[in-house]
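Close look at the chain arrangement
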Amino acid sequence: GLGQAEYRTMDAQRISKYKSAITAYEKALKLMDKKDLDGALDALVVSVQEMPDFPDSHFLMARILYSEKEYTRALGEMVLAREGFERTADLRESMLKDRRKVFSDRIRQKDVAISEQTARMATVPPEQRQKIQMDIDRLQRERQDLERQVQEYNQAPTLVPSRYSCLHGNILLRLDRNPEAIAQYEEALKTDPGYGEAANNLASIYHVSGQNKKAMEVVTEAQKRGAKLHPELAKSIEAALAKNP
């Protein structure tokens, strides 16, 4: 009985730290929306201090470092994100309902922002529409990422998220570690066959290296799944196969 009481106390402490880490992480996301990367990084440091294993904070750090071309540091954060994801599977499962509500709220906010920008498009001069369209495209990508995170909570709690694998692949690609990048993209597509970024990058690696049959296989499967690919990628691969079947 005493052992069970101690276990419950430790479990409650971990949940408390996990919730505190989430709060700091959510603050970082809001700061990123305001283009305040330094503030976002500070909030992520707080999140990791609250719970060193909190995976999404390491993932977001990796994303920021990747955008700043600090690929070696980004890789270190990505490794910590994957390790933390495995170690916190039980906590994610226990907080499933709360996190789903958070994601639903954030998706609704993106929908409102997209609607506002779309309505604004009709009222501005033509020269301003390209910038608004870029904002709409960004908001739609962010919405898709939120939907992907919702799906993560519906799958096995120990299955590494496709967005983790894809970013991991991007970092390795920048570090000229193509075989390892390929493995990460393949893992991302195994988890989420419709993940356009992973399919696009994997097909591009094969295409550039002359493995056009493999590249076309990736493109064909991704298109079946409704993935969004670069519009010129399939054409380029088809042209290469026509020259060298």
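Details of the structure are given in the entry above.
I will try to describe carefully the structure that is included in this document.

**Remarks on the overall build of the protein**
- In terms of regular secondary structure, the protein is built from 12 helices and zero strands.
- For the protein, the sequential pattern of α-helices and β-strands runs α-α-α-α-α-α-α-α-α-α-α-α.
- Counting only C-alpha atoms and orienting by the principal axes, one finds that the protein spans roughly 75 × 50 × 30 Å.
- Here the protein holds 245 residues, and the buried ones make up 43% of them.
- Considering only contacts within the protein whose residues lie at least 6 apart along the sequence, 62% involve residues at least 24 apart.
- Only carbon and sulfur atoms are counted for the fraction: they give 52% of the accessible area of the protein, which is about 14000 Å².

**A short note on the pattern of salt bridges**
- Counted according to the given criterion, the structure contains 16 salt bridges.
- Here Arg82 makes a salt bridge to Glu187, at a shortest N to O gap of 2.9 Å. In this pair, Arg82 sits in helix H4 (residues 71–87) while Glu187 sits in helix H9 (residues 178–191), placing the two residues 105 residues apart along the sequence.
- Arg82 sits in the buried class, given a relative accessible area of 15%.

**Description of the packing of helix H3 (residues 55–67) against H4**
- Running from amino to carboxyl end, H3 crosses H4 at an angle of 165°, the nearest separation of the two axes being 8 Å. The angle between H3 and H4 falls in the class roughly antiparallel. Judged by the sense of rotation from one axis to the other, the crossing of H3 with H4 is left-handed. Contacts between H3 and H4 involve Pro55, His58, Phe59, Met61, Ala62, Leu65 and Tyr66 on the former and, on the latter, Tyr71, Arg73, Ala74, Glu77, Met78, Leu80, Ala81, Gly84 and Phe85.
- For the contact of H3 with H4, a count of residues per class yields 12 nonpolar, two polar and two charged.

**A look at helix H12 (residues 233–243)**
- Buried within H12 we find Leu233, Ala234, Ile237, Ala240 and Leu241. Around the axis of H12, the buried residues are gathered within 125° of arc, so they sit on the same side. Summarising the geometry of H12, the exposed residues directed more than 90 degrees from the buried face are Lys235, Ala242 and Lys243.
- Looking at the packing, one finds that the buried side of H12 touches helix H10 (196–208) and helix H11 (212–224).

**Describing H4**
- For H4, spanning 17 residues, the distance from its first C-alpha to its last is 24 Å, which sits close to the expected 24 Å at 1.5 Å a residue.
- Residues of H4 that are buried include every one of Tyr71, Ala74, Leu75, Glu77, Met78, Ala81, Arg82, Gly84 and Phe85, and no others.

**Topic: the nonpolar core**
- Grouped together as the largest cluster of nonpolar side chains are 38 residues, with contacts concentrated most on Met78, Ile171, Val219 and Ile237.
- If you look at the next biggest cluster of nonpolar residues, it comprises 18 residues, including Tyr18, Tyr25, Met32 and Val48.

**Considering the packing of aromatic side chains**
- Taken as a whole and assessed by the stated rule, the structure comprises five aromatic pairs.
- Measuring from ring centre to ring centre gives 5.3 Å for Tyr18 and Phe54, while their planes differ by 75°; the resulting arrangement is edge-to-face. With Tyr18 in helix H1 (residues 2–33) and Phe54 in the loop between helix H2 (37–50) and H3, the pair connects residues that are 36 residues apart, well separated along the chain. In terms of burial, Tyr18 and Phe54 fall into one category: buried.
- Between the aromatic rings of Phe59 and Tyr164, the centroid separation amounts to 4.9 Å while the plane-to-plane angle is 10°, which identifies the pairing as stacked.

**Examining unusual backbone geometry**
- In this model, Lys35 sits at a positive phi of 65°, which is unusual for a non-glycine residue.
- By secondary structure assignment, the location of Lys35 is in the loop between H1 and H2.
- Residue Lys69 is not a glycine yet carries a positive backbone phi of 65°.
- As for its position among the elements, Lys69 is in the loop between H3 and H4.
- With relative accessibility at 64%, the residue Lys69 sits in the exposed group.

**Let's talk about the packing of helix H8 (residues 162–174) against H10**
- It is at 10 Å that the axes of H8 and H10 come closest, and there the two elements cross at 30°. Taken together, the axis directions place H8 and H10 in an arrangement best described as roughly parallel. With respect to the hand of their crossing, H8 and H10 are arranged in left-handed fashion. Packed against H8, whose contacting residues are Cys166, Asn170 and Leu173, the element H10 presents Glu197, Ala198, Asn201 and Ile205 at the interface.
- Per-class residue counts for the contact of H8 with H10 are four nonpolar, two polar and one charged.

Parameters at a glance
- Residues numbered from 1 in each chain as written.
- Predicted model: local features only at pLDDT ≥ 70, side-chain atom pairs only at ≥ 80, totals over all residues.
- Heavy atoms only, no water.
- Helix = DSSP H or I, 4+ residues; strand = E, 2+ residues; numbered from the N terminus.
- Buried < 20%, exposed > 50% of the residue type's maximum accessible area, 1.4 Å probe, protein only.
- Contact = heavy atoms within 4.5 Å.
- Areas by Shrake-Rupley, 256 points an atom, 1.4 Å probe, with all protein chains shown as cover.
- Salt bridge = Lys/Arg side-chain N within 4 Å of Asp/Glu carboxyl O.
- Axes fitted to C-alpha atoms, helices over the stretch in contact; angles between N-to-C directions.
- Parallel < 35°, antiparallel > 145°, perpendicular 65-115°, else oblique.
- Left-handed = near helix turned anticlockwise from the far one by under 90°.
- Nonpolar A, V, L, I, M, F, W, Y, C, P; charged D, E, K, R; others polar.
- Arc of directions from axis to C-beta.
- Expected span 1.5 Å × (residues − 1).
- Core = buried A, V, L, I, M, F, W, Y, C linked by side-chain atoms within 4.5 Å.
- Phe/Tyr/Trp six-rings, centres within 6.5 Å; stacked < 30°, edge-to-face > 60°.

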